[in-house]
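Residues per chain, in single letters:
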Amino acid sequence: MKKLYVKTWGCQMNVYDSERMADVVAPLGYAAAEDAVDADLVIFNTCHIREKATEKLFSELGRMRLHQKAKAARGERMLLAVAGCVAQAEGEEIRRRAPYIDMVFGPQTYHRLPEMIAKINRGAGAVLDVEFPPEPKFDALPEARKTGVSAFLSVQEGCDKFCTFCVVPYTRGAEYSRPVAAIVAEAERLVQNGAREITLLGQNVNAFHGEGLDGKAWNLGRLFYRLAEIPGLKRLRYTTSHPRDMDDELIAAHRDVPQLMPFLHLPVQSGSDALLQAMNRKHSADDYRRIIEKLRAARPDIALSSDFIVGFPGETDHDFAATIKLVREVGYAQAFSFKYSRRPGTPGAIMPNQIEDGIKNARLGELQKLLREQQEDFNRRMIGCTLSVLFENEGSEPCMLFGRSPYMQAVRVPAPTRLVGEEMAVQIEKAGFNNLSGSLIMANAA
Ligand code: SAM
Ligand code: SF4
């Protein structure tokens with residue numbers, strides 16, 4: 001057996017891609033290793049969303065180069081690969097600065113890893129493959145070999161929205177939706193292999209418009225109705241969505257499909273219309289409010305999450321105040337917030353009125369304080385309630401299981417291992433910022 005080490009930065013799509021890379025090279029005899037030091041193949045799967053990604057990568061590569069040399073001194077070879085969005089965006093630069101790298105490839109070509117490795121083994125030189133190939137990557141990927149109770153399934157990739165701050169349309173390419181038949185088949189296999197929850201993934205997952213079982217394009221809402229028919233599949237989730245694509249059928253699925261969990265990550269970025277326009281988000285703050293209203297009418301207990309950017313070029317105190325107002329009105333169960341980071345090649349990077357770091361820090365601090373209070377409050381409101389918890393694994397403490405509530409909260413419960421994979425009623429007793437704890441309601445534990 002050869003040892004494979006994959007380090008992943010970034011979003012769930014990257015986590016999914018890393019798992020699939022491991023599946024692709026498994027037939028060549030590579031098995032996952034905990035440690036990079038002695039690995040035969042090391043892959044860095046990178047993220048380009050925010051600054052410093054490239055510098056972090058080069059410092060990791062520098063360290064890995066030492067291990068590569070030590071291995072070479074023993075007459076053994078360590079193949080080094082850089083994958084993901086930094087590779088896609090800066091492939092040539094990586095090859096120039098680190099000529100000892102064997103393979104540089106983007107998110108759309110990792111299904112070609114066996115050919116790349118064969119080429120290197122033939123002595124045909126290093127590989128740079130940052131194409132957007134015509135063949136769909138998903139058709140060429142092997143079946144997933146293993147799965148946990150909660151699994152990811154990529155249904156959509158790429159983005160055509162071109163928000164002015166974002167690199168995704170440049171690194172992940174144009175929007176593409178997989179056919180429904182392939183998605184259903186993969187979901188059924190995941191369930192046969194033990195998955196009880198599936199999270200559908202896509203950079204713009206609710207823009208999904210894959211070929212349906214009737215040959216016509218299906219939207220995401222329709223796909224959920226079909227996936228809910230799979231026996232044994234207890235929970236469905238999806239991420240990341242765009243407000244523009246939150247159509248009525250998807251909202252209705254939140255009302256009608258019990259497996260679709262009452263939690264939605266729906267990034268708004270800002271509460272100011274002027275900024276939303278400058279960001280090219282193609283919706284207003286009131287459009288977003290109306291969507292939330294409809295969602296709450298369809299599923300009153302739905303918990304909400306979002307992404308926010310502070311300090312986008314031109315953001316005034318007035319714009320920032322509109323973001324704070326929106327946050328207070330909506331009330332979030334959790335959220336991610338970031339300082340705007342200039343990404344080379346995006347329109348935002350060359351806009352005038354860039355905001356100085358001190359202002360960005362102050363705004364981020366204020367926003368995060370409010371979001372933190374909302375999250376703590378949301379969690380605290382669960383104390384004394386009975387929540388259905390899907391147990392995913394044994395967790396870090398002895399005799400405790402780790403699971404998630406319908407609202408995505410991490411829950412720790414003293415429970416026997418045989419309950420991993422089961423959905424159980426749990427009485428919530430304590431709530432912190434990041435997790436809940438409680439005890440099994442015994443009638444269900446029998
Ligand atoms: N597709 C999703 C959407 O439309 O909101 C988000 C994709 S992006 C991978 C995840 C988050 O990173 C974004 O929602 C945004 O808040 C943040 N982000 C992206 N580019 C950024 C930048 N240049 N500076 C700061 N945050 C950024
Ligand atoms: Fe990036 Fe999302 Fe905007 Fe697409 S919709 S450009 S992925 S932030």
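Refer to the structure above for everything that follows.
Residues numbered from 1 in each chain as written. Chains lettered and ligands numbered in written order. Predicted model: local features only at pLDDT ≥ 70, side-chain atom pairs only at ≥ 80, totals over all residues. Heavy atoms only, no water.

S.K.: What's the story with the overall build of the protein in this structure? I'm lost.
M.R.: When its secondary structure is counted, the protein shows 14 helices and 19 strands. Scaling as 2.2 N^0.38, a compact globule of 446 residues should have a C-alpha radius of gyration of about 22 Å, and the protein matches this with 23 Å. Here the C-alpha coordinates of the protein stretch approximately 60 × 60 × 50 Å along the principal axes. Excluding contacts between residues fewer than 6 apart, the proportion of contacts in the protein whose partners are at least 24 apart in sequence is 72%. The positive charge centre, built from 57 side chains, and the negative charge centre, built from 57, are 3 Å apart in the protein. (Helix = DSSP H or I, 4+ residues; strand = E, 2+ residues; numbered from the N terminus. Rg over C-alpha atoms; globule rule 2.2 N^0.38 Å. Contact = heavy atoms within 4.5 Å. Lys, Arg positive; Asp, Glu negative; His and termini not counted. Charge placed at Lys NZ, Arg CZ, Asp CG, Glu CD.)

S.K.: Just checking my understanding: could you explain the site of ligand 2 for this structure?
M.R.: In the vicinity of ligand 2, the contacting residues are C159, K161, F162, C163, F165, C166, V168, P169, N204, H242 and R281. By residue class, the composition of the shell around ligand 2 is seven nonpolar, two polar and two charged. (Near = heavy atom within 4 Å. Nonpolar A, V, L, I, M, F, W, Y, C, P; charged D, E, K, R; others polar.)

S.K.: Quick question: what am I supposed to make of the nonpolar core here?
M.R.: When a protein is soluble and globular, its nonpolar side chains tend to lie buried together. Counting 52 residues, the largest nonpolar core has L200 and Y238 as the members making the most contacts within it. If one sorts the elements of this core by residue count, helix α7 (residues 180-192) sits on top with six residues. If sequence neighbours within four positions are ignored, Y238 has contacts with T199, L200, V205, L220, F224, M246, L250, H254, L260 and L264. Counting residues in each nonpolar core, the second largest holds 24 residues, with Y16, M21, I43 and L141 among its members. (Core = buried A, V, L, I, M, F, W, Y, C linked by side-chain atoms within 4.5 Å. Buried < 20%, exposed > 50% of the residue type's maximum accessible area, 1.4 Å probe, protein only.)

S.K.: Is there a simple way to explain the sheet that holds strand β1 (residues 2-8) in this structure?
M.R.: Sheet strands pair via backbone hydrogen bonds, and the direction of the pair is either parallel or antiparallel. Taken in spatial order, the six strands make up an open sheet running β2-β1-β3-β4-β5-β6, and their pairing is parallel. With one partner strand each, in any of the chains shown, β2 (30-32) and β6 (127-129) form the two edges of the open sheet. If you compare each strand with its neighbour and ignore which way they point, the axes differ by 20 degrees on average. Direction of pairing for β1 relative to β2: parallel, over a ladder of three bridges. Counted as the bridge partner of K3 is A31 from β2. Contacts from helix α1 (residues 12-25) reach β1, β2, β3 (41-46), β4 (79-83) and β5 (103-105) within the one sheet, and its direction differs from that of β3 by about 155 degrees. Contacting β2, β3, β4, β5 and β6, helix α4 (residues 113-121) runs over the sheet at an angle of about 155 degrees to β5. (Pairing = 2+ DSSP bridges. Axes fitted to C-alpha atoms, helices over the stretch in contact; angles between N-to-C directions.)

S.K.: Just to check I follow, could you spell out the pattern of salt bridges for this structure?
M.R.: Once their charged atoms are close, side chains differing in charge can pair, the charge on each being opposite to the other. Scanning the entire structure with this criterion turns up 40 salt bridges. Because the salt bridges share partners, they merge into one network encompassing K3, D38, D40, K71, R74 and E76. (Salt bridge = Lys/Arg side-chain N within 4 Å of Asp/Glu carboxyl O.)

S.K.: Any chance you could explain the packing of helix α11 (residues 285-298) against helix α12 (residues 317-330) here in plain terms?
M.R.: Working note: a packed helix pair is described by the angle between its axes plus the distance between those axes. At a closest axis distance of 12 Å, the pairing of α11 and α12 adopts a crossing angle of 10 degrees. Relative to α12, the element α11 lies roughly parallel. Residues Y288, R289, I292 and R296 of α11 form the contact with α12, whose participating residues are K325, L326, E329 and V330. The residue makeup of the contact of α11 with α12, split by class, is four nonpolar, no polar and four charged. (Parallel < 35°, antiparallel > 145°, perpendicular 65-115°, else oblique.)

S.K.: Would you mind showing me how to read α11 here?
M.R.: Note that an α-helix has 3.6 residues per turn; residues three or four places apart therefore point the same way. The first and last C-alpha atoms of α11 sit 20 Å apart over 14 residues, in line with the 20 Å expected at 1.5 Å per residue. Those residues of α11 not exposed but buried are A285, Y288, R289, I291, I292, L295 and A298. Where α11 is buried, its residues touch α9 (248-256), β12 (263-265), α10 (273-278), β13 (303-310) and α12. (Expected span 1.5 Å × (residues − 1).)

S.K.: Hey, could you run me through the packing of helix α8 (residues 220-227) against α9 in this one?
M.R.: Running from amino to carboxyl end, α8 crosses α9 at an angle of 30 degrees, the nearest separation of the two axes being 7 Å. When the interaxial angle is binned, α8 and α9 end up roughly parallel. Taken together, the residues of α9 that come into contact with α8 (itself represented by L220, G221, R222, F224 and Y225) are E249, L250, A252, A253 and D256.

S.K.: Which parts of the structure should I look at to understand the site of ligand 1?
M.R.: The environment of ligand 1 is formed by 17 residues, the closest being F165, Q203, Q269, D307 and S341. Between F165 and ligand 1, the recorded distance is 2.9 Å, taken from a backbone N or O atom to a nitrogen atom. Between an oxygen atom of ligand 1 and a side-chain N or O atom of Q269, the distance comes to 2.7 Å. Contact with the protein chains removes 91% of the 560 Å² of surface that ligand 1 exposes when unbound. Grouping the constituent residues of the shell around ligand 1 by class yields six nonpolar, six polar and five charged. (Polar contact = N/O pair within 3.5 Å; in protein donor to acceptor, adjacent residues only side chain to side chain. Areas by Shrake-Rupley, 256 points an atom, 1.4 Å probe, with all protein chains shown as cover.)

S.K.: Would you take a moment to explain the pairing of strand β15 (residues 386-393) for this structure?
M.R.: Sheet faces and side chains relate simply in a regular strand, where the side chains alternate between the two faces. Where β15 lies against strand β18 (residues 423-431), five bridges are found, and the strand directions are antiparallel. Directly across from V389, in β18, lies its bridge partner M424. Where β15 lies against strand β16 (residues 400-404), three bridges are found, and the strand directions are antiparallel. What sits directly across from N393, in β16, is F402. The hairpin formed by β15 and β16 contains six residues between the paired strands, and G395 there has a positive phi angle of roughly 70 degrees.

S.K.: I tried to follow the environment of L276 on my own but got confused; where do I start?
M.R.: Tracing the chain through its elements places L276 in helix α10. Relative accessible area serves as the criterion here: at 0%, L276 is assigned to the buried category. Measuring from C-alpha to C-alpha, the distance between L276 and L28 comes to 48 Å, with 248 residues separating the pair along the chain. Ignoring anything within four residues of it in the chain, the contact list for L276 reads V268, S270, R281, K282, H283, S284 and A285.

S.K.: I would appreciate a short explanation of the side chain of R289 in the present structure.
M.R.: Relative to the assigned elements, R289 resides in helix α11. A polar contact of 2.8 Å, which involves the side chain of R289, links it to the side chain of D286. Engagement of the side chain of R289 in a polar contact is seen with the side chain of E329, the distance being 2.4 Å. If we ignore the near neighbours within four places in the chain, the residues touching R289 are K325, L326 and E329.

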